[in-house]
Amino acid sequence: MTASTVVAVPNARREAWRLRLRGARDFARRFLRRRDGLVGVLVLLVFAVVAIAPGLFVGPLETAVSATGLPLDPPSSAHVLGTDELGRDMLNLTIHGARISMTIGLLATLITIFFGAVIGIVAGYLGGWADTALMRLTDFFLVLPTFVLAIILAPVLLEIIGTDAEFLGIKATLLVIVAVIGITSWATTARIIRSQVLSVKERMFVDRARVIGSGSGRIMRRHIFPNVVNLIVAQSVLTFATAVFTETTLSFIGLGDPFQPSWGQILNLAQATGAPGLGAWWYILPPAACVVLVVLAFTLVGNALDDVLNPRAGVRR
């Protein structure tokens, strides 16, 4: 290796970092112009703090599942958001429900994005029979009714995993919801990423990588993935919103863990108690409002990211 080559390598690395920093500054400047995205980020930061450290606002989880007041007591100075049918504080339940609902949403999103990104990148880059086979599988999952499939899969997966299984402190029933959301939601991500890969693989830097002998795996890792990561980030945010909403829906229809106060499970108990007919609005409004706010915030951030990272793909509002 000549002296000029040794000098050129550090210079190339410095130039690469300089370009990355410039790109980060440009992204931050464009994103700060999006008021909807900033509002979404602010809302999500509040919910993130609540989910990560519920002890800053209420007592431990044990106090959330213990009766501290009269059944269906309306909001008062003792119970700001009232109580449920067992006399449990609704503020305590709702705040602890944020950790469970958002943890499930995060894990389900990771599964969805992983499978969607891998399948989309492999299918788009390899083409041929691999693309045909993977896209037919993707189309199969796209046309399936998601909730019907989830209802069918949930008891099957619970039987396979076992009711006593745990992962990262999450019980089997909640693990089943994570798996069901991941299995039924990856197809849209795969389709979107594949369409971007079809464009990226025709660029000159990919042709140069092939000429110098880089294998398909290296090209997909080093050249294709970095050029679709922006799309993956934007899709992850939108998928998180869908995952939270899906978890709430599945828990509401009785597929959640009755002993874990997620937002969907709280709404399920409110419906079973007959809270709407009894006029106990405080039993329904807090968890429902949290779901709406989180889904709306993720949607706002996702749309803003999509427009900032892919200005030609989105319609600016």
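On a predicted model such as this, the values are computed, not experimentally measured, just so you know. (Residues numbered from 1 in each chain as written. Predicted model: local features only at pLDDT ≥ 70, side-chain atom pairs only at ≥ 80, totals over all residues. Heavy atoms only, no water.)

Engineer: Sorry if this is basic, but what is going on with the overall build of the protein here?
Structural biologist: Scanning the protein from terminus to terminus reveals twelve helices and two strands. Burial statistics for the protein: of 317 residues in total, 42% are counted as buried. Within the protein, counting contacts between residues at least 6 apart in sequence, those at least 24 apart form 68% of the total. For the protein, the computed accessible surface area is about 16800 Å², with 69% contributed by carbon and sulfur atoms. (Helix = DSSP H or I, 4+ residues; strand = E, 2+ residues; numbered from the N terminus. Buried < 20%, exposed > 50% of the residue type's maximum accessible area, 1.4 Å probe, protein only. Contact = heavy atoms within 4.5 Å. Areas by Shrake-Rupley, 256 points an atom, 1.4 Å probe, with all protein chains shown as cover.)

Engineer: So what exactly am I meant to see when it comes to the nonpolar core here?
Structural biologist: The tendency in soluble globular proteins is for nonpolar side chains to be buried side by side. Membership of the largest hydrophobic core comes to 25 residues, with the highest contact counts inside it found for Phe 47, Met 102, Trp 263, Val 294, Phe 298 and Leu 305. When residues of this core are traced back to their parent elements, those giving at least two are α2 (35-52), α4 (90-126), α9 (216-252) and α12 (281-309). Ranked by residue count, the leading element in this core is α12, at ten residues. What Trp 263 contacts, discounting residues up to four positions off in sequence, is Phe 47, Thr 94, Gly 97, Ala 98, Ser 101, Met 102, Val 244, Pro 287, Cys 290, Val 291 and Val 294. Formed by 24 residues, the second largest nonpolar core is a distinct cluster that contains Ala 123, Ala 150, Leu 153 and Ala 187. (Core = buried A, V, L, I, M, F, W, Y, C linked by side-chain atoms within 4.5 Å.)

Engineer: Just checking my understanding: could you explain the environment of Met 102 for this structure?
Structural biologist: For Met 102, the location among the structural elements is in helix α4. Put simply, Met 102 and Phe 47 are 55 residues apart on the chain and 8.8 Å apart in space, counted from C-alpha to C-alpha. Contacts of Met 102, omitting those with residues within four sequence positions, involve Phe 47, Ala 51, Phe 240, Trp 263 and Phe 298.

Engineer: I tried to follow the packing of aromatic side chains on my own but got confused; where do I start?
Structural biologist: By convention here, two paired aromatic rings are described through the distance between centres and the angle between planes. Under the defined criterion, the tally for this structure stands at six aromatic pairs. Seen from their ring centres, Phe 114 and Phe 115 are 5.4 Å apart, and the 80° between their planes marks the pair as edge-to-face. With relative accessibility at 42%, the residue Phe 115 sits in the partly exposed group. Aromatic side chains Phe 141 and Trp 186 sit 5.2 Å apart centroid to centroid with 55° between the ring planes, which places their arrangement in the tilted category. (Phe/Tyr/Trp six-rings, centres within 6.5 Å; stacked < 30°, edge-to-face > 60°.)

Engineer: For this particular structure, what's the right way to read unusual backbone geometry?
Structural biologist: With the exception of glycine, the majority of residues adopt a negative phi angle, and the majority of peptide bonds are in the trans configuration. Residue Leu 72 is not a glycine yet carries a positive backbone phi of 50°. Considering the arrangement of structural elements, one finds Leu 72 in the loop between α3 (61-64) and α4.

Engineer: Could you clarify how one ought to interpret the pattern of salt bridges in this entry?
Structural biologist: Two side chains that carry opposite charge are able to pair once their charged atoms sit near each other. All chains considered together, the criterion is met by five salt bridges. Between Arg 34 and Asp 36 there is a salt bridge whose closest N-O contact spans 2.9 Å. For Asp 36, a relative accessible area of 22% gives the class partly exposed. Arg 88 is the partner of Asp 84 in a salt bridge, and the nearest nitrogen-oxygen pair spans 2.6 Å. When salt bridges with common partners are traced through the structure, they connect Arg 136, Asp 139 and Arg 191 into a single cluster. (Salt bridge = Lys/Arg side-chain N within 4 Å of Asp/Glu carboxyl O.)

Engineer: What is the right way to read α4 from this model?
Structural biologist: Over its 37 residues, α4 extends 53 Å from the first C-alpha to the last, a length consistent with the 54 Å expected when each residue adds 1.5 Å. Across the 37 residues of α4, 26 count as buried, placing the element largely inside the fold. In this structure Asp 89 caps α4, since a side-chain oxygen of it lies 3.2 Å from the backbone nitrogen of Leu 91. Immediately downstream of α4, the backbone of Gly 127 shows phi near 65°, a positive value. (Expected span 1.5 Å × (residues − 1). Polar contact = N/O pair within 3.5 Å; in protein donor to acceptor, adjacent residues only side chain to side chain.)

Engineer: It is not clear to me how a nonpolar patch on the surface should be interpreted in this structure. Could you clarify?
Structural biologist: Together, Val 49, Leu 56 and Phe 57 make up an exposed nonpolar region whose accessible area comes to about 310 Å². Looking at where Phe 57 falls in the secondary structure, it is placed in the loop between α2 and α3. A residue is classified by how much of its surface remains accessible, and Phe 57, at 45% relative accessible area, is partly exposed. (Patch = residues over 30% accessible without salt bridge, like charges linked within 9 Å, V, L, I, M, F, W, Y side chains within 5 Å.)

Engineer: How should I be thinking about the side chain of Ser 262 in this particular structure?
Structural biologist: Structurally, the position occupied by Ser 262 is in the loop between α9 and α10 (263-273). Judged by its relative accessible area of 1%, Ser 262 is buried. There is a polar contact of 3.2 Å between the side chain of Ser 262 and the side chain of Glu 247. Residue contacts for Ser 262: discarding those within four places in its chain leaves Gly 97, Ile 100, Ser 101, Glu 247 and Ser 251.

Engineer: Before we go on, may I ask you to explain the confidence of the model for the protein in this structure?
Structural biologist: Low pLDDT marks regions whose predicted coordinates should not be analysed in detail. The share of residues in the protein with pLDDT of 70 or more is 87%, and the mean pLDDT across the chain is 81. Across residues 3-9 the pLDDT falls below 50, and counting only partners more than four positions away or on other chains, this stretch makes one contact in the model. (pLDDT = per-residue confidence, 0-100.)

Engineer: Looking at this structure, I do not really get the packing of α9 against α12. What am I missing?
Structural biologist: Angle between the axes and distance between the axes: these two values describe a pair of packed helices. At their nearest, the axes of α9 and α12 sit 8 Å apart, and the two run at 165° to each other. By the angle between their axes, α9 is roughly antiparallel relative to α12. The handedness of the crossing between α9 and α12 is left-handed. Side by side, α9 and α12 meet where Asn 230, Leu 231, Val 233, Ala 234, Val 237, Leu 238, Phe 240, Ala 241, Val 244, Phe 245 and Thr 248 of the first sit next to Val 291, Val 294, Val 295, Phe 298, Thr 299, Val 301, Gly 302, Asn 303, Leu 305, Asp 306 and Leu 309 of the second. (Axes fitted to C-alpha atoms, helices over the stretch in contact; angles between N-to-C directions. Parallel < 35°, antiparallel > 145°, perpendicular 65-115°, else oblique. Left-handed = near helix turned anticlockwise from the far one by under 90°.)

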